[in-house]
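So you can see what is in the structure, the chains are spelled out below.
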Amino acid sequence: MRLTLPLDYPVHSPLEVEVSIDQDGSSAGGKNATLMKAALNAIPSLNESCRSIASEHQEEESVFLVFNQADEWIQDEWPNLCKEYQQQQGGGGSNKSSSTKNNPDATNRNDKQQSKNLVLGRRLIYSHHIISKIKRGDIKSLASHYKLTGYMKIGWPGLLIIEGLEEDCIAFYDDIRPWNWQYLVLRGEQQEVLPKVNNNSDNDGNDDDDVLKSYRKFERFLEVEDMSLVAQHCREVGLENLFRTAMKVYDNEADGATTNNQGGGERSMSYGALVHVDHMNNQKGYRKWLRKTSQETDCKVLIKQSYPNHDYSGRPKIVVGIVGDSRDQVGGFLKRWRTSKVDYDARKIPCYERKMSVEVEGDLPRHYYQEDNGNDDIDWNQSMSEESVNLPEEHLAEYLQSIGGDEWEEAWWKILRGGMSKTSD
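Now for a quick tour of the structure.

What counts and how
Residues numbered from 1 in each chain as written. Predicted model: local features only at pLDDT ≥ 70, side-chain atom pairs only at ≥ 80, totals over all residues. Heavy atoms only, no water. Core = buried A, V, L, I, M, F, W, Y, C linked by side-chain atoms within 4.5 Å. Buried < 20%, exposed > 50% of the residue type's maximum accessible area, 1.4 Å probe, protein only. Helix = DSSP H or I, 4+ residues; strand = E, 2+ residues; numbered from the N terminus. Contact = heavy atoms within 4.5 Å. Phe/Tyr/Trp six-rings, centres within 6.5 Å; stacked < 30°, edge-to-face > 60°. Lys NZ or Arg CZ within 6 Å of the ring centre and 35° of its normal. Axes fitted to C-alpha atoms, helices over the stretch in contact; angles between N-to-C directions. Parallel < 35°, antiparallel > 145°, perpendicular 65-115°, else oblique. Left-handed = near helix turned anticlockwise from the far one by under 90°. Nonpolar A, V, L, I, M, F, W, Y, C, P; charged D, E, K, R; others polar.

Right, let's get into the nonpolar core. Formed by 22 residues in total, the largest nonpolar core has its most connected members in Val275, Val277, Leu290, Val320, Ile322, Leu334 and Trp337. Those elements that place two or more of their residues in this core are strand 9 (271–277), helix 11 (283–297), strand 10 (300–306), strand 11 (317–324) and helix 12 (327–338). Discounting residues that sit within four places of it in the chain, tryptophan 337 has contacts with Val275, Val277, Tyr286, Trp289, Leu290, Val320, Ile322, Val342, Glu353 and Met356. By size, the runner-up hydrophobic cluster in this structure holds 20 residues, among which are Tyr146, Met152, Cys169 and Phe172.

As structure tokens, then:
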């Protein structure tokens, strides 16, 4: 990795990042050759990831942050990219652009379709944002490759609605998942079984295309900036329930097709972390950042503090609860928290948070997301509102217990008593 500091860094120009691989020929054969090719294939993703961090932190020192991002990329992204590349080379991938000459599973797709019905698939994929012109171009190329129609809503948030053969929808999502996303999740999907086609003619592929065309709800794959255009089209063609999954509203009898909850509605949020924050110098600004980040990462956040024994002359005990669909989602929130200047120091200079500790992290108790006792009972707007940030210690204990069970409550009492649990008083 080569880092270049422009003359006007960091005030006017970000850190310049260039990742490359020295190819000396020492690993020209066997398994090492495959790994080398996989690495070369993955370098653009690493470059984009590091450059994104450098750009986000312009006007501040970012060398450490870039190195940290590269290390996390190697730990989190590289194993998946390497595995996918090896599967593709071994014939196990879903990339249609590879040769099918020696792949018996992909050689005669039409023969397979002769023995079963066609399945029309649809997907609604939600992203934190879709901005990069390169990424947008790649998405459109991939959609064209798989003969998918639908919409790409760019900006904040980003939204992809795709429609085509079920196997192509699966391949499309598998292909874009390893890309560098701040947040990407499959929110909704539909499968519609189509009538069998007599594929005994020479134009059997065209027959399939004709059948698909007659059942498609989207004629082309379009890029738009206005979410209302997508909503209106979905409403007009009877796919409003699919569109509503973007807001985590699910109806399993939706639109005359099978609609699955993949991204998770309110009750599916089943992973959480309880964080103890030592202090907040810029209290309102800090809490505002937490609320904003909760929206951008699609997590639920609880921000509460309590003054032990109602002693308002000292510092309050502060806890932040983060709840999401998965470990990756909550981890993304925590990662951004650790790498952002969320507070200011005694001289009122913006600074990173160095005195936060994750007290509990893991799957939430089953009672939290069960149908009969789900998190509909929790008012998440109030949980992070500025007006209700203070709670008596007993009330806060009950609040935490309703989300994270005994572990969260016990952690709170340990924080409150300076490391001793409630039961040891």
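Bringing the packing of aromatic side chains into the picture now. Scanning the entire structure with this criterion turns up 7 aromatic pairs. Following the ring pairs from residue to residue traces out a cluster consisting of Tyr286, Trp289, Phe333 and Trp337. Here the guanidinium or amino end of lysine 135 rests over the ring plane of tryptophan 181, the centre of that ring lying 4.0 Å away. Taking the ring centre of tyrosine 126 as reference, the NZ or CZ of arginine 187 above it sits at 4.3 Å.

Quick look at the packing of helix 6 (residues 133–145) against helix 7 (residues 166–176) now. Running from amino to carboxyl end, helix 6 crosses helix 7 at an angle of 155°, the nearest separation of the two axes being 10 Å. Taken together, the axes of helix 6 and helix 7 lie roughly antiparallel to each other. Taken as a pair, helix 6 and helix 7 cross one another with a handedness that is right-handed. For the pair helix 6 and helix 7, contact is made by Ile139, Leu142 and Ala143 and by Phe172, Asp175 and Ile176, respectively. Residue composition of the contact of helix 6 with helix 7, by class: 5 nonpolar, no polar and 1 charged.

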